[in-house]
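If you want the building blocks of each chain, they are given just below.
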Amino acid sequence: MSVTAAKSIGAKPVTAAATKQTPVAHIAATNVAVDFVVGGRRQRVLYDINVAVPKGSFVSLIGPSGCGKSTLLKVMAGLIEPSQGDIRVANVKPKEAAKLRLIGLVFQDATLLPWKNAVENAAFLLMTADETVKKSDAMDRAAEKLRLVGLAGAEKKMPSQLSGGMRQRVAIARALALDPEVLLMDEPFGALDAITREEMSECLLDIWERTGKTIVLVTHSIDEAVLLSREVHVMGTGPARIIETLPITVPHPRNEESYSDPAFTAAENRLRSLLIESHRRAR
Amino acid sequence: MSEIAAEAAAPKVSAGYRLWRGLKEVLPAIALSAVILIVWEMFIRIFNVVTFVLPAPSAIIVSLIKNRASLAVATQATAFEVLFGFVLAAIVGVVVALLIVRFERFGRALYPLIVLFQNVPKVALAPIFILWFGFELTPKILLIVVIAFFPVTIDMLAGLQSVEPSFVSLMRSVGASKNKIMLRVRIPHSLPHLMAGLKVAITFSVIGAIVGEFAGANRGLGYVIQFASTQLDTPLIFAALLVVSALGLAFYYVVEFAERLLVPWAPKYDPIQLTG
């Protein structure tokens, strides 16, 4: 993939930033701002964002509703163009990166096609993205990813026969089937019950440890953010921006015992007070 | 994973048991019909109601048998109109919906006109169509199309919009074009809605055919009804009505059968039991 990425920036002279050695940011946002036009009036929904996500890292965006965390994720996915600043994924524009299948997306709703079974759903995006891929190859890869997310044996199930958690697993497998370098997840477990959420968190940790993907997670849950992330960006409203970046030092491998780790509790408390503060200021 | 195992162990249902279950479901409807018919028959006999005012069910059956040959010919003519008109209405309805969403500016112009046109009483158009196209097939087909395309278009539009926006984002993120999203996601998603529209359209088509025949025809069940009324042959009117209803019902179930075949994932509703 790095070859293709290099090709598309080949036209420009190699900048100092690109040649800088120490950890190259896999996702880099520089002074990113986003304006929406609401009712004919320009409104700034994201204000001066600077984020660098190292390759293979797990980063969470957390904050109150309306803080622009989903918007930032959509900017990273290339679904929203920033009004100002620059955003790069694997050194290219997000739209390019998405076309190169470097980005996998997971949303709150699994949005599976009801007329296709689990493995067909998991293969669907890959087959849409790449017309040349053989159906049997796509299906094989999708089945492999279903096994990775713990759905071995459910390949032939229709979405209506799957529970909410299982449907979301299929959605993750669908994203992974693209073999992306980056996984962008917008409150992927937001619609699930507490126990299923924890199960899914562990499933995601497992996937991250096994595949080494760079993952950005938008979440409302402090627990989820601390358990999963290496780094948490806390976002605030008015104007919507990052108010603090908190490194999470809970040792790896993490599991349910991590919840009682002192570093976990410390990070949790810090995040909680930051969020309470930003909520208060939002009002 | 325990959920999968539990579902696989669901008991197999025998064909005989399913038939009995189906029969049990329609039994109340049959019983109610029988009661109504018996009361009707008794009412006519006890009060000696004149046949040309209201015939007894038995008189209607007698008329049905006596006129079976001419009714069969008329049914054929009407069924052909309904089928032809319905298929055309379905095509027009789908094409209009696709045009509206594909060419947004054109859609914004066309959509209000279609809604406006829907409020024109279509029955009143029948004489105009007869005037323009004569007594043959064309005016009937045209009438069916203008009556029946509307629910198809409206439901198809709702169906095309029924895709979750996040799924469209997902498609866009991998570089899928508008046309590809339309073809692979929006149109398949619209099928359950389209089938609902077609079910309404098929019943409208039968109405359209009968109205078209009323306005001017020399064959068909509508023509039989009108002819019989000039002869004060009320039992024949009712017999023809019975046949029209049976025809409509048969067409409706053909569409419903097609729905089950084409969109098995469509949500099934029990129209009577309120859920939640």
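This structure is a prediction, so every number in the text was calculated from the model and none was measured.

### A word on the overall build of chain B
Broken down by element type, chain B carries eleven helices and zero strands. Starting at the N terminus, the α and β elements of chain B follow one another as α-α-α-α-α-α-α-α-α-α-α. Relative to the compact-globule value of 19 Å for 276 residues, chain B shows a C-alpha radius of gyration of 24 Å, a clear excess of over 25%. Its C-alpha atoms give chain B principal-axis dimensions of roughly 75 × 60 × 30 Å. Within chain B, buried positions represent 39% of all 276 residues. Put simply, of all contacts in chain B between residues at least 6 apart along the chain, 73% involve residues at least 24 apart.

### Quick look at the interface of chain A and chain B
Facing 25 residues of chain A, the contacting portion of chain B comprises 21 residues. Across the chain A/chain B interface, buried area totals approximately 2,300 Å², and carbon plus sulfur atoms make up 69% of it. Across the contact surface, chain A and chain B share two salt bridges. Between Lys180(B) and Glu131(A) there is a salt bridge, and its shortest N-O distance comes to 3.5 Å. Run the count over chain A and chain B and you get three residue pairs in polar contact (both at pLDDT 80 or more). Listing elements by their share of the side of chain A that touches chain B, those giving two or more residues are helix H4 (94-99), helix H5 (118-129) and helix H7 (164-176) of chain A. The leading source of residues in the side of chain A that touches chain B is H5(A), at five residues. Partitioning the side of chain A that touches chain B into residue classes produces 15 nonpolar, five polar and five charged.

### Looking at helix H8 (residues 194-211) of chain A
Residues and elements named next belong to chain A. End to end, H8 covers 25 Å across 18 residues, agreeing with the expected 26 Å (1.5 Å per residue, within 8%). Looking at the buried positions of H8, the neighbouring elements they touch are strand S3 (58-62), helix H6 (135-148), H7, strand S6 (182-186), strand S7 (214-219) and helix H9 (222-228). Gly-212 sits one or two residues past H8 and shows a positive phi near 70 degrees.

### Some details on empty space enclosed by the protein
Residues and elements named next belong to chain A. Applying the stated criterion across every chain, the model contains one cavity of 30 Å³ or more. One number sums up the size of the largest cavity: a volume of about 60 Å³. In this structure, the largest cavity is lined by Val-75, Gly-78, Ile-80, Glu-81, Pro-82, Ile-87, Lys-93, Pro-94 and Lys-95. Among the residues forming the lining of the largest cavity, the class breakdown is five nonpolar, one polar and three charged.

### Here we look at the nonpolar core
Within the largest apolar cluster, 104 residues are counted, with the highest numbers of intra-cluster contacts made by Ile27(A), Leu146(A), Val149(A), Ile172(A) and Leu184(A). Those residues within four positions of Ile172(A) in sequence are excluded, and the remaining contacts are Val106(A), Val149(A), Met185(A), Phe189(A), Met200(A) and Ile207(A). Ile60(B), Ala90(B), Met182(B) and Ala209(B) belong to the second-largest nonpolar core, a separate cluster that totals 47 residues.

### Quick look at the side chain of Arg254(A)
Residues and elements named next belong to chain A. As for its position among the elements, Arg-254 is in the loop between strand S9 (241-247) and helix H10 (262-282). Notably, Arg-254 is buried but unbridged: the nearest opposite-charge side chain belongs to Glu-209, and the N-O separation is 7.1 Å. Here the side chain of Arg-254 touches Val-250 through a polar contact of 3.0 Å, landing on its backbone oxygen. Among the polar contacts made by the side chain of Arg-254, one reaches the side chain of His-252 at a distance of 3.4 Å.

### A look at a nonpolar patch on the surface
All names here are of chain B. Nonpolar side chains collect at one region of the surface, where Leu-83, Val-87, Ile-91, Val-95, Leu-99, Phe-103 and Phe-106 lie side by side and expose about 600 Å² of accessible area between them. Ranked by the residues each element gives to the nonpolar patch, the list is headed by helix H4 (residues 68-102), at five residues. Among the secondary structure elements, Val-87 is positioned in helix H4.

### A short note on the environment of Gly222(B)
Residues and elements named next belong to chain B. When you line up the elements, Gly-222 lands in helix H10 (residues 221-230). Once the C-alpha coordinates of Gly-222 and Val-244 are considered, the two residues, 22 residues apart in sequence, prove to be 8.6 Å apart. With sequence-adjacent residues up to four places away left out, Gly-222 is seen in contact with Thr-78, Ile-210, Glu-213 and Phe-214.

### Overview of the sheet that holds S9(A)
All names here are of chain A. Here we have six strands laid out as an open sheet, ordered S5-S6-S7-S3-S8-S9, and mixed in their pairing. Of all the strands in the sheet, the pair left with one neighbour each is strand S5 (103-106) and S9. On average, each strand axis in the sheet is inclined to that of its neighbour by 15 degrees, with strand direction left out of account. Direction of pairing for S6 relative to S7: parallel, over a ladder of five bridges. Residue Asp-186 lies in a different strand from S7, and its bridge partner there is Val-218. Across the face of the sheet, H7 comes into contact with S5 and S6 while running at roughly 165 degrees to S5.

### Examining a negative patch on the surface
On the surface, Glu198(A), Glu202(A), Asp223(A), Glu256(A) and Glu257(A) cluster together to form a negatively charged patch. For Glu202(A), the position within the fold is in helix H8.

### Some points on the pattern of salt bridges
Residue and element names in this part refer to chain A. Inspection of the entire model under this criterion finds 23 salt bridges over all chains. In this structure, Arg-210 and Asp-206 form a salt bridge, with 2.8 Å as the shortest nitrogen-oxygen distance. Pair noted here: Arg-210 and Asp-206 are both in helix H8, with a separation of four residues, about one helical turn. We classify Arg-210 as exposed; its relative accessible area is 56%. For Asp-206, a relative accessible area of 30% translates into the label partly exposed.

### Digging into the pairing of S9(A)
All names here are of chain A. As judged from the six bridges shared by strand S8 (residues 231-236) and S9, these two strands associate in the antiparallel manner. Its bridge partner being in S9, Glu-231 is matched across the sheet by Pro-247. In this structure, the hairpin formed by S8 and S9 is closed by a connection of four residues, where Gly-238 is found at a positive phi of approximately 60 degrees.

### Thoughts on the sheet that holds strand S2 (residues 41-54) of chain A
Hydrogen bonding along the main chain pairs the strands of a sheet, whether they run parallel or antiparallel. Residue and element names in this part refer to chain A. One open sheet holds the three strands; their spatial order is S2-S1-S4, and the pairing between them is antiparallel. Two strands in the sheet have a free side with no partner beyond their single neighbour: S2 and strand S4 (84-89). Each adjacent strand pair in this sheet contributes to an overall mean axis angle of 25 degrees, direction not counted. As paired strands, strand S1 (residues 25-38) and S2 are joined by ten bridges and run antiparallel to one another. In the strand pairing of S2, Val-37 is matched with Arg-42.

Calculation rules
Residues numbered from 1 in each chain as written. Chains lettered and ligands numbered in written order. Predicted model: local features only at pLDDT ≥ 70, side-chain atom pairs only at ≥ 80, totals over all residues. Heavy atoms only, no water. Helix = DSSP H or I, 4+ residues; strand = E, 2+ residues; numbered from the N terminus. Rg over C-alpha atoms; globule rule 2.2 N^0.38 Å. Buried < 20%, exposed > 50% of the residue type's maximum accessible area, 1.4 Å probe, protein only. Contact = heavy atoms within 4.5 Å. Buried area = accessible area lost by both parts, 1.4 Å probe. Salt bridge = Lys/Arg side-chain N within 4 Å of Asp/Glu carboxyl O. Polar contact = N/O pair within 3.5 Å; in protein donor to acceptor, adjacent residues only side chain to side chain. Nonpolar A, V, L, I, M, F, W, Y, C, P; charged D, E, K, R; others polar. Expected span 1.5 Å × (residues − 1). 1 Å grid on protein atoms, 1.4 Å probe; cavity = no way out; pocket = protein on both sides within 12 Å on 5 of 7 lines; lining within 4 Å. Points joined across faces, edges and corners; volume = space filled by probe spheres on them. Core = buried A, V, L, I, M, F, W, Y, C linked by side-chain atoms within 4.5 Å. Lys, Arg positive; Asp, Glu negative; His and termini not counted. Patch = residues over 30% accessible without salt bridge, like charges linked within 9 Å, V, L, I, M, F, W, Y side chains within 5 Å. Areas by Shrake-Rupley, 256 points an atom, 1.4 Å probe, with all protein chains shown as cover. Pairing = 2+ DSSP bridges. Axes fitted to C-alpha atoms, helices over the stretch in contact; angles between N-to-C directions. Charge placed at Lys NZ, Arg CZ, Asp CG, Glu CD.

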